[in-house]
Amino acid sequence: MRDLYPALEPYDSGLLDVGDGDQIYWEVCGNPEGKPAVMLHGGPGGGCTAKHRRQWDPERYRIVLFDQRNCGRSLPHASDPATSLAANTTWNLVADMEKLREHLGIERWQVFGGSWGSGLALAYAQRHPDRTSELVLRGIFTLRPKELHWFYQEGASFLFPDLWESYVAPIPQEERGDLMAAFRARLEGDDDEARVAAARAWAQWEAGTITLLPDPELVAEFGEEKLAVCFARIENHYFTHGGWFEPEQLIRDVDKIRHIPAVIVQGRYDSCTPMVTAWELHRAWPEAEFQVVDDAGHASIETGSSRRQTRSREPDDRGDGPHQQQREQRREHQPEQEAHGHVVRVVHADEHPRERHDRRQRQHHPGQRPPDQDERGGGPGRDDRVVAGEGPVVRRRAFGDGDDPAPARPVLPDDRLDDLADDVGDHDARRTRERQRQLAGGRLPGLPEAPQEQPGEDEQARVRAELGEGVQPVGGAQGEVDDVAVHRCGVQSVNDQWTRLYELLGSNASTERPRSGAAESPMAVAPPASGRFQRSGISRVFAAHSG
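**Student:** Run through the environment of Trp-91, naming residues and quoting values.
**Tutor:** Of note, Trp-91 is situated in helix α1 (residues 90–103). Filtering out sequence-adjacent residues up to four positions away, Trp-91 remains in contact with Ala-123, Arg-127, Trp-244, Phe-245 and Gln-249.

**Student:** Which residues make up unusual backbone geometry, and what are the values?
**Tutor:** Across the junction of Gly-43 and Pro-44, the peptide omega takes the value 0°, indicating a cis bond. The residue Pro-44 is located in the loop between β3 (35–40) and β4 (61–66) in this model. In the segment running from Leu-75 into Pro-76, the intervening peptide bond is cis, with an omega of -10°. As for its placement among the helices and strands, Pro-76 is situated in the loop between β4 and α1. Of note, Asp-20 is a non-glycine position whose phi angle comes to about 60°, a positive value. Classification of Asp-20 by relative accessible area gives exposed; the value is 56%.

**Student:** Give me the lowdown on the pairing of strand β7 (residues 262–267), citing residues and values where you can.
**Tutor:** Of all six residues making up β7, six are buried, and the element is well covered by its neighbours. Of the two faces of β7, the one carrying Ala-262, Ile-264 and Gln-266 and the one carrying Val-263, Val-265 and Gly-267 are both buried. Sheet topology note: the strand β6 (residues 132–138)/β7 ladder contains four bridges and is parallel. Looking at the pairing, Leu-135 lines up with Ala-262 of β7. Bridge analysis of β7 against strand β8 (residues 289–293) gives five bridges, and the strand direction is parallel. If you follow Gly-267 over to β8, its bridge partner there is Val-293.

**Student:** Account for the pattern of salt bridges, with residues named and values stated.
**Tutor:** Under the definition given, this model contains 25 salt bridges. A salt bridge links Asp-96 to Arg-69; the nearest nitrogen and oxygen atoms lie 2.8 Å apart. Highlighted residues: Asp-96 in helix α1 and Arg-69 in the loop between β4 and α1, separated in sequence by 27 residues. Residue classification places Arg-69 among the buried residues on the basis of a relative accessible area of 2%. Its salt-bridge partner being Asp-253, residue Arg-252 comes within 2.9 Å of it at the nearest N-O pair. With a relative accessible area of 43%, Arg-252 lands in the partly exposed category. Connected through salt bridges with shared partners, the residues Glu-9, Glu-27, Arg-53, Asp-67 and Arg-73 form a single ionic network.

**Student:** Outline helix α8 (residues 225–240), listing residues and values.
**Tutor:** With 16 residues, α8 should reach 22 Å at 1.5 Å per residue; the first-to-last C-alpha distance of 22 Å fits that figure. Buried residues dominate α8, accounting for twelve of its 16 residues. Regarding α8, the residues found buried are Ala-228, Val-229, Cys-230, Phe-231, Ala-232, Arg-233, Ile-234, Glu-235, Asn-236, His-237, Tyr-238 and Phe-239. Taken together, the buried residues of α8 touch α1, α2 (116–127), α3 (145–152), α5 (179–187), α6 (192–209) and α7 (216–222).

Thresholds, definitions, all that
- Residues numbered from 1 in each chain as written.
- Predicted model: local features only at pLDDT ≥ 70, side-chain atom pairs only at ≥ 80, totals over all residues.
- Heavy atoms only, no water.
- Helix = DSSP H or I, 4+ residues; strand = E, 2+ residues; numbered from the N terminus.
- Contact = heavy atoms within 4.5 Å.
- Buried < 20%, exposed > 50% of the residue type's maximum accessible area, 1.4 Å probe, protein only.
- Pairing = 2+ DSSP bridges.
- Salt bridge = Lys/Arg side-chain N within 4 Å of Asp/Glu carboxyl O.
- Expected span 1.5 Å × (residues − 1).

Take it as geometry only, folks, not as evidence of what the structure does.
Right, dumping it as structure tokens:
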């Protein structure tokens, strides 16, 4: 899976006079006949970079980038303290976008914004919904007071106390009750040395906290004087004025854009613009596709976020733009997810790497079947169920009524193993090769061969007495509790008991589906077949051996 598309150069660029003595730099790259898309950078004051061009397929998109007022290659530049920022406001930027769209002869365009760009994208779309074909939003930031207070006054300071000390160092203790105002006094004051010191502290605080893992090169880049002063001045200017928004405006006015296809991408460990804002936008706008990236912070340069953003902009079979079919599938399952909103603890002690990948996909994309499910032997009607005992909750394979038993797991070809190496690392890929050889032989190391003959009545009675009279399997046909399930749940030390459990189940396993009203949900919890299940041998085995 790609992170970014190959590097490319613009085929057209220029400076556009937007009034008030300001000129904005713009450029266009990709396919001149492709679908128009515009990139809104963060900050405000961050400017565009060459990497920003590489988030769209250049064969299919006409990619428009521009540096917002007074930053990047736009003129005049905010690094000059003589440059006035009075005309640099959110609504003037929205007007600049319209002037640029008309200048380029574009009727409608896809609008992408990350961080501050997500707020600007929402503001533009709510002002000009007829000019917005789709929205792709990352790292949601709406400039509400609680969002600003978290990052610039108190909140993120608890996560990064070491970096916080450097951030507040230019501000005397007696002025730290309002850090935004204290920084503004220095950034807009006449003392050049104090301005640069405050700007570097401000800019490097953000650079040091926006990535999931520290990036010293990024921090050093933000310490460059011209970039730091420009960035800090414009950000502080916008934040002091609350972005010129009314309270809760961008989330409050979602009805104006509810009909626009949209994707919201949020890094789970985003310390700069925490996930709560994206979540509140998602709750107000459930029609938009919502994707949480578990291995990402705030920055778009992180692998998890860039993959999701790139994939979100690729057209599907239903037309250009975000995946409408996937959103419809998610909405179908949403009531069931809310009905089962409790936390389910799932044990996966040593599962197959591809199974782990598919499980994570199902967790974040409920209702979607992995595209190669049939290739791996899943077959139609296959889903996931949860068996609930007295102790931990354990996921296992299950089948719908009338489905054939699971075919043997196929051995992955070498090219699939190469893909796995990208997803789960070389170590897991090597382990996958070894386990495939074992699986191809029909068994895993340390597990007994499955019984070849059905046990007699005496043997069944003996096993029933040893494991407990309350054993009641839930759903499925013979063979569902297989070697892989045992290995995955970490109960290899009870092989003999499991072997006898296979014998006990035999052909007498119940095929009754769970009786829960929402049992079709992928995360539905199957109720016990009888009250005795809670003290059955299965429950005791999982409680004792799954940690």
